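Summary of the model geometry
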Amino acid sequence: MFLDFADPPLPYDAIRVLFAGDASSVPTLRAMLAALPICARGQVFVEVDTVAEIEELPSPGRVTVTWLARDRRSGAPGSGLSCASGEAVERAVRAWLAEMYVDADALAEAEHLIWLGGPEGFAWDLRRDLHDTVAPHRGVVDRGATAV
């Protein structure tokens, strides 16, 4: 299931999760992680401007939290550009999904609860790709607003 709105209520059976967002998403991520059952497993990616923004984000034992500091990452390979907002989380999520799922059908049929936070436009291409992949096959909960 792909949740495409801010501050989503988690289903009681949210066991396999993929959450991603930026620094503005941390309060929501903190609440969502606290609501997960102890048996939950999955991945959380949080993109921040600098390593100074990294903080403790408690999670169930099998849910890994990875902080992506843009000041430590480059932009598009070979471009010499700095990492733009949303770029680090998009690369990380796509790489994680490629490792976990062989193709789009496998992702669409997966049991993961996926949530992307951040300001409007944050990781926009990733958000649309996930929506287009998951929506035809599984639940997409969209309350008419992009996740914040």
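Criteria and thresholds
Within any chain, residue numbers begin from 1 and follow the written order of that chain's sequence. Confidence filtering applies because this is a predicted model: local features only for residues at pLDDT of at least 70, side-chain atom pairs given and counted only at 80 or more, and all residues used for totals across whole chains, interfaces and linings. The side-chain figures draw on all heavy atoms in the structure; neither hydrogens nor water molecules are used. Every helix listed is a DSSP run of H or I at least four residues long, and every strand listed is a run of E at least two residues long, numbered separately from the N terminus. A simple rule labels every residue: compare its accessible area, found with a 1.4 Å probe on the protein chains alone, to the largest value its type can have, and call it buried under 20%, exposed over 50%, or partly exposed in between. Here, two residues are considered to be in contact whenever any of their heavy atoms come within 4.5 Å of each other. pLDDT measures the predictor's confidence residue by residue and takes values from 0 up to 100. Throughout this description, the term salt bridge denotes a Lys or Arg side-chain nitrogen within 4 Å of a carboxyl oxygen of Asp or Glu. Along the arc lie the directions from the helix axis toward the C-beta atoms.

Attention now goes to the overall build of the protein. Secondary structure summary: the protein contains four helices and six strands in total. Each helix and strand of the protein, ordered N terminal to C terminal, gives the series β-β-α-β-β-α-α-β-α-β. Within the protein, the proportion of its 148 residues that are buried is 43%. Across the protein, the fraction of contacts at a sequence separation of at least 24, relative to all contacts at a separation of at least 6, is 61%.

Glancing now at the confidence of the model for the protein. Per-residue confidence for the protein gives a mean pLDDT of 81; residues scoring 70 or more make up 79%. Per-residue pLDDT, averaged within each element of the protein, yields its smallest value for strand β6 (residues 140-141) (50) and its largest for strand β4 (residues 62-69) (96). The low-confidence segment residues 142-148 (pLDDT under 50) makes 24 contacts with residues lying over four places distant or belonging to another chain.

A positive phi is found at Ala123, a non-glycine position, where the angle reads about 50°. You can see Ala123 is positioned in the loop between β5 (113-116) and α4 (124-134).

Attention now moves to the pattern of salt bridges. Under the defined criterion, the tally for this structure stands at six salt bridges. Measuring nitrogen to oxygen at the nearest pair gives 2.8 Å for the salt bridge that ties Glu47 to Arg70. Residue Glu47 is found in strand β3 (residues 41-48), and its partner Arg70 is found in the loop between β4 and α2 (87-100); the two are separated by 23 residues along the sequence. Here Glu87 and Arg91 are joined by a salt bridge, their closest N and O atoms 3.8 Å apart. A residue pair is termed a helical-turn pair when its members lie 3 or 4 positions apart in one helix, as Glu87 and Arg91 do in helix α2 at four residues. Using a relative accessible area of 33% as the deciding quantity, one classes Arg91 as partly exposed. Residues participating in the shared-partner salt-bridge network are Glu47, Asp49 and Arg70.

Residue Arg70 is classed as buried on the basis of its relative accessible area, which comes to 17%. With near-sequence residues (within four places) excluded, Arg70 lies in contact with Glu47, Val48, Asp49, Cys83, Ala84, Ser85 and Ala88.

Another point: the environment of Pro60. Following the sequence through the fold, Pro60 ends up in the loop between β3 and β4. Considered as a pair, Pro60 and Pro37 are 23 residues apart in the sequence and their alpha carbons are 7.4 Å apart. Beyond its immediate sequence surroundings of up to four residues, Pro60 is in contact with Leu33, Leu36, Pro37, Ile38 and Ala40.

This paragraph deals with helix α1 (residues 26-35). Residues of α1 that are buried include every one of Val26, Thr28, Leu29, Met32 and Leu33, and no others. One face of α1 carries all of its buried residues, which in axial projection span an arc of 155°. Exposed residues lying more than 90 degrees from the buried face of α1 are Pro27, Ala34 and Ala35. The inward-facing, buried residues of α1 contact β2 (16-22), β3, β4 and β5.

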